[in-house]
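Architecture and fold: a report
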Amino acid sequence: MSASRKSVTLTLLDDGASEGHRFGINALASTCASAWGSSRELFTGGRDGSVRCWREPEGGGVPRLRFTVDEHTDWVNDLALLTDGDLTSAVVSASSDRTIKLWRPEGETGTPSKCYTLRQHTDFVKVLGYAADAGTLASAGCDCCVVVGDVARLAPRVVIGGSEGARAHGDSIYALAVRGGRCAPAHTGGCLSGAVAP
């Protein structure tokens, strides 16, 4: 009888090391103006499960870390910035932990006061799409379904596929375009699916 083998990965972190992500970056989002006081910020989502906000210095230079949000337990795959007029008012992240997190940074520091968790997916959430004109946030991923939600209520309007019925697509969804109340997902089968209206 052969003994079963288990693989263990151990990551040692140096507290004095860089302010950056411990592993690769999967998502980027940039804002020109935010409701919490900074004129230019860059958000990064990483394979370490964190979202980091960087202040871009006037006239260029190296961005400086403003804050880190460690709410996910797995890779952050995509980011979306929600807007209120011309200002970014909230940040949304999609993760392989099967959740979507939304927070509204407050004050001059931009530190998040409360994080909202949306659990509509049964597998990795890979992509987000946002349409400010309709207040619509859509998400999709490896569970082959699309969730189209209402940002104001933080609730889904419609779930296409998944446990609500037949799978929306035969393959995982890695790209999503949203405009108004319509979204168009693309999946690994190489197809762009028809637009869905909630």
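Residues numbered from 1 in each chain as written. Predicted model: local features only at pLDDT ≥ 70, side-chain atom pairs only at ≥ 80, totals over all residues. Heavy atoms only, no water.

A few words now on the overall build of the chain. For the chain, the count of helices and strands is 0 helices and 14 strands. Ordered by position from the N terminus, the helices and strands of the chain form the series β-β-β-β-β-β-β-β-β-β-β-β-β-β. Put simply, the chain has 198 residues, and 44% of those count as buried. Put simply, of all contacts in the chain between residues at least 6 apart along the chain, 40% involve residues at least 24 apart. (Helix = DSSP H or I, 4+ residues; strand = E, 2+ residues; numbered from the N terminus. Buried < 20%, exposed > 50% of the residue type's maximum accessible area, 1.4 Å probe, protein only. Contact = heavy atoms within 4.5 Å.)

In this approach, a probe sized like a water molecule rolls over the atoms, and the result shows the empty space that is left. In this model, the second largest pocket occupies a volume close to 150 Å³. Taken together, 15 residues form the lining of the second largest pocket, with Leu118, Leu137, Val147, Gly149 and Ala155 sitting closest to its centre. Mapped onto the lining of the second largest pocket, the elements with two or more residues apiece are β10 (136–141), β11 (146–150) and β12 (155–160). For the lining of the second largest pocket, the leading source of residues is β11, giving 4 residues. In terms of residue class, the lining of the second largest pocket is built from 10 nonpolar, 3 polar and 2 charged. (1 Å grid on protein atoms, 1.4 Å probe; cavity = no way out; pocket = protein on both sides within 12 Å on 5 of 7 lines; lining within 4 Å. Points joined across faces, edges and corners; volume = space filled by probe spheres on them. Nonpolar A, V, L, I, M, F, W, Y, C, P; charged D, E, K, R; others polar.)

For the rest of this paragraph, the subject is the side chain of Lys101. Secondary-structure assignment places Lys101 in strand β7 (residues 100–105). We note that Lys101 is buried and unpaired, the nearest opposite charge coming from Glu71 at a distance of 4.3 Å. For Lys101, the side chain forms a polar contact with the side chain of Thr117, separated by 2.9 Å. (Lys, Arg positive; Asp, Glu negative; His and termini not counted. Salt bridge = Lys/Arg side-chain N within 4 Å of Asp/Glu carboxyl O. Polar contact = N/O pair within 3.5 Å; in protein donor to acceptor, adjacent residues only side chain to side chain.)

Our focus in this paragraph is the pattern of salt bridges. By the definition in use, this model includes 3 salt bridges. We note a salt bridge from Arg66 to Glu41, for which the minimum N-O separation is 1.8 Å. Of the two residues, Arg66 is situated in strand β4 (residues 64–69) and Glu41 in strand β2 (residues 41–46); the sequence distance between them amounts to 25 residues.

Our focus in this paragraph is the sheet that holds strand β3 (residues 51–55). With respect to topology, 4 strands assemble into an open sheet ordered β1-β2-β3-β4, the strand pairing being antiparallel. Each edge of the open sheet carries a strand with a single partner, namely β1 (25–31) and β4. For this sheet the average axis-to-axis angle between neighbouring strands, irrespective of direction, equals 20°. Here β1 runs beside β2; their pairing, made up of 6 bridges, is antiparallel. What sits directly across from Thr31, in β2, is Glu41. (Pairing = 2+ DSSP bridges. Axes fitted to C-alpha atoms, helices over the stretch in contact; angles between N-to-C directions.)

With that out of the way, let us pick up unusual backbone geometry. Phi at Arg98 takes a positive value of approximately 75°, unusual for a residue other than glycine. Topologically, Arg98 is positioned in the loop between β6 (87–95) and β7. A relative accessible area of 45% places Arg98 in the partly exposed class. Positioned with a positive phi, Leu154 is a non-glycine residue whose angle comes to about 50°. Note on placement: Leu154 falls in the loop between β11 and β12.

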